[in-house]
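# Understanding the architecture of this molecule
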Amino acid sequence: MTEIEVPGPEPDWQPATQLPYYTGKNPAYQYSVWEHSAPLFQMIGVLALPVRPVAQRLRLHVERSWDGLDELDVVLFQLRGFSFAISKHDGSAVCVSYVWLTQPHEQADKALDTLLEVVGIGEDAVAFRGDARDAPAGTFGA
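Below you will find a few notes about this structure. The residue numbering used here restarts from 1 in each chain and proceeds along that chain's sequence as written. Local features are withheld for residues below a pLDDT of 70 in this predicted model, meaning they are given only at 70 or higher, and side-chain atom pairs are given and counted only at 80 or more; totals for whole chains, interfaces and linings count all residues. With hydrogens and water stripped out, all remaining heavy atoms of the structure feed into the side-chain values.

### With respect to helix α3 (residues 108-119)
Note: α-helices contain 3.6 residues per turn, so residues at a spacing of three or four share the same orientation. Selection criterion: Note on conventions: DSSP H or I runs of at least 4 residues are helices, E runs of at least 2 residues are strands, and numbering of each starts at the N terminus. Expected span of a helix, by definition, is 1.5 Å for each gap between consecutive residues, and there is one gap fewer than residues. Burial classes: relative accessible area under 20% of the type maximum marks a residue as buried, over 50% as exposed, and values in between as partly exposed (1.4 Å probe, protein chains only). In this description, contact between two residues means that some pair of their heavy atoms is separated by no more than 4.5 Å.
The first and last C-alpha atoms of α3 sit 17 Å apart over 12 residues, in line with the 16 Å expected at 1.5 Å per residue. Every buried residue belonging to α3 is among A108, A111, L112, T114, L115, L116, V118 and V119, and all of these are buried. Where α3 is buried, its residues contact β1 (42-47), α2 (51-58), β3 (71-79), β4 (82-89), β5 (97-101) and β6 (126-129). Taken from the residues just after α3, G120 is the one with a positive phi, measuring 85°.

### Overview of the environment of F77
Topologically, F77 is positioned in strand β3. Exposure remark for F77: the relative accessible area of 8% places this residue in the buried category. As a C-alpha pair, F77 and A55 span 22 residues in sequence and 9.8 Å in three-dimensional space. Dropping the residues within four chain positions of it, F77 is found in contact with L58, L60, F82, S83, F84, I86 and L115.

### Considerations on unusual backbone geometry
Within the chain, R59 stands out as a residue other than glycine whose phi angle is a positive 55°. Exposure remark for R59: the relative accessible area of 80% places this residue in the exposed category. The phi dihedral of R80 falls on the positive side, at around 45°, and the residue is not glycine. With respect to the helices and strands, the residue R80 is situated in the loop between β3 and β4.

Put into structure tokens, the structure is as follows:
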């Protein structure tokens, strides 16, 4: 089999992940697995702690990803009939993790309560319950 050589990038092409997208000369725009799937998720709350302690408690592997905002830690897992994702951006002004259901569910409060119970933390670990659209101003920091 003959080896096929692919030419290098054109000198004036910006990185495919660089903002603002579609404004440079690179015809490709790269998005992460997280960016692709997160818009489908239902946000159910915010925890006042990072992802890693929760992941350690449940013996989960923390994945590193990125999106148009920043690098992030994320775990996806199932727990007692609920399918969760927990994410935390590196550049967040405050130390919070977003809790999502990867499949919308009518019992979001029950899902969050289940997570708290199994992880062994109380309601004081919850910075906010609900979706970001309903959050009071300043809930997520600046």
